[in-house]
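Okay, here's what each chain looks like letter by letter:
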Amino acid sequence: MPATDLDLLVDAAKQAGDIACRYTGATARRWDKPDGTGPVTEADLAVNAMLEAKLQQARPDYGWLSEETEDTSDRLGRNRVFIIDPIDGTRSFAEGASTWAHSLAIAEAGEVIAAVIYLPQRQLLYSAAKGRGATCNGQPIRVSPVDDLSAAEVLAAKPSLVAQNWQNGTPPAFIRMHRPSLAYRLARVADGRFGAMLTLRPSWEWDIAAGALILQEAGGVITDRAGDRLRFNNAQPRLNGVVAGNPALHHEIITALAPAQTGPTGH
C-alpha cells in the first residue's frame, strides 16, 4: 500500500535529520547567497538533494518549491506541490545551535494538506494532515488558552515591535521573545508554549507552509499581517508577513497593528 503524503514527509524529515546531523554546524562549509538572502551550508544542499530525489521519485506528478532549488514556473500548473525548507534557521545551524528545523509541506490548490517540522537535535517532530489534528512526537498538541495579549508570551523580533508598527504604540506588557527559525516559532505556538508569533516583513512560503497547517490543526489562526488568508504556491512565493496565534490573540494583534506602509518592519 503506498505511503500517505504525511507518512512520506515524516520519513523524509527523519532522513533529512540524519544527513544534517552528520555535519558539525559551525565547521560546515558555508557560503553567502549572492542575492543577500542569507547563508547556505553544505548541509542545506545535501539535505535538499536527498529530499528532491526522494520526494519527487515518490510523487512525480507533484510540483517542487524549495529554498535551495532554482524556482521554475512548472509548479504553477501542478495541483499538488512540495514546499520545502531543507534547513530553516541556517544561521542557527552554522553557529552550532539546535534551534534549526526541517520544514516540509504539501499544498493542494493553494492550501497545505500535510506538514512536518522536525528539529532533530531537540528530538521534536511536529506533524499534521488536514482535518486530522496536529501532534508533536505522536502526542496531540493544542494552542495556548491565554486570551489576553497583555498576559501572553509572543515570539517576535524587536523590529516588529517598534511603536510605528502599531496603531496606538506597542501593546503594553507585550512579552518579546525570539527564535531564529520561523517554522520553529510556529510549532511552539501550535504546541501552546507561546500564545502567538508575528513577523511583519515579507516571508518566504517555505518558511511558513508547514507551520501554517500544524498551527491550524492545533486550533490556531494564521494570516498575513493584513489579516488576509494565506495561499501557497504563488508565482512570487512570498507572503505579506505572518500573524499566528490562538483565535483571541490573533484577533487582538491584527486589530492593534498599523497599516503596513506607516512604519518599519522586521523579522
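Refer to the structure presented above.
An account of the accompanying structure is given in this report. (Residues numbered from 1 in each chain as written. Predicted model: local features only at pLDDT ≥ 70, side-chain atom pairs only at ≥ 80, totals over all residues. Heavy atoms only, no water.)

## Points about the side chain of Glu 205
Counting through the fold element by element, Glu 205 comes out in helix α5 (residues 205-217). Although Glu 205 is buried, it makes no salt bridge; Arg 75 carries the closest opposite charge, 5.3 Å away. If sequence neighbours within four positions are ignored, Glu 205 has contacts with Leu 65, Ile 83, Arg 231, Phe 232, Asn 233, Asn 234, Gln 236, Pro 237, Arg 238 and Leu 239. (Helix = DSSP H or I, 4+ residues; strand = E, 2+ residues; numbered from the N terminus. Buried < 20%, exposed > 50% of the residue type's maximum accessible area, 1.4 Å probe, protein only. Lys, Arg positive; Asp, Glu negative; His and termini not counted. Salt bridge = Lys/Arg side-chain N within 4 Å of Asp/Glu carboxyl O. Contact = heavy atoms within 4.5 Å.)

## As for a positive patch on the surface
On the surface, Arg 30, Arg 91, Arg 201 and Arg 238 cluster together into a patch of positive charge. Note on placement: Arg 30 falls in strand β1 (residues 30-32). (Patch = residues over 30% accessible without salt bridge, like charges linked within 9 Å, V, L, I, M, F, W, Y side chains within 5 Å. Areas by Shrake-Rupley, 256 points an atom, 1.4 Å probe, with all protein chains shown as cover. Charge placed at Lys NZ, Arg CZ, Asp CG, Glu CD.)

## Quick look at the packing of helix α4 (residues 182-190) against α5
Orientation of α4 relative to α5, taken along the N-to-C sense of each, is 5°, at an axis distance of 8 Å. Considering their axes alone, α4 and α5 lie roughly parallel with respect to each other. Mapping the contact onto sequence places Leu 182, Ala 183, Leu 186, Val 189 and Ala 190 in α4 and Asp 207, Ile 208, Gly 211, Ala 212, Ile 214 and Leu 215 in α5. Considering only residue class, the contact of α4 with α5 consists of nine nonpolar, one polar and one charged. (Axes fitted to C-alpha atoms, helices over the stretch in contact; angles between N-to-C directions. Parallel < 35°, antiparallel > 145°, perpendicular 65-115°, else oblique. Nonpolar A, V, L, I, M, F, W, Y, C, P; charged D, E, K, R; others polar.)

## Some remarks on the nonpolar core
Residues Ile 117, Tyr 126, Ile 208, Ile 214, Ile 222 and Phe 232 are the most contacted members of the largest nonpolar core, which totals 42 residues. Not counting chain neighbours up to four residues away, the residues in contact with Ile 214 comprise Ala 115, Val 116, Ile 117, Tyr 126, Ser 127, Ala 128, Ala 134, Ile 141 and Ala 190. The next biggest cluster of nonpolar side chains, apart from the first, holds 30 residues, and it includes Leu 8, Ala 12, Ile 84 and Trp 100. (Core = buried A, V, L, I, M, F, W, Y, C linked by side-chain atoms within 4.5 Å.)

## So, helix α1 (residues 5-20)
Relative to the 22 Å expected for 16 residues at 1.5 Å per residue, α1 spans 22 Å between its end C-alpha atoms, a close match to the ideal helical length. The complete set of buried residues in α1 reads Asp 5, Leu 6, Leu 8, Leu 9, Val 10, Ala 12, Ala 13, Ala 16, Gly 17, Ile 19 and Ala 20. Looking at the packing, one finds that the buried side of α1 touches α2 (42-58), β4 (80-88), α3 (90-94), β5 (101-108), β6 (111-119) and β7 (124-129). (Expected span 1.5 Å × (residues − 1).)

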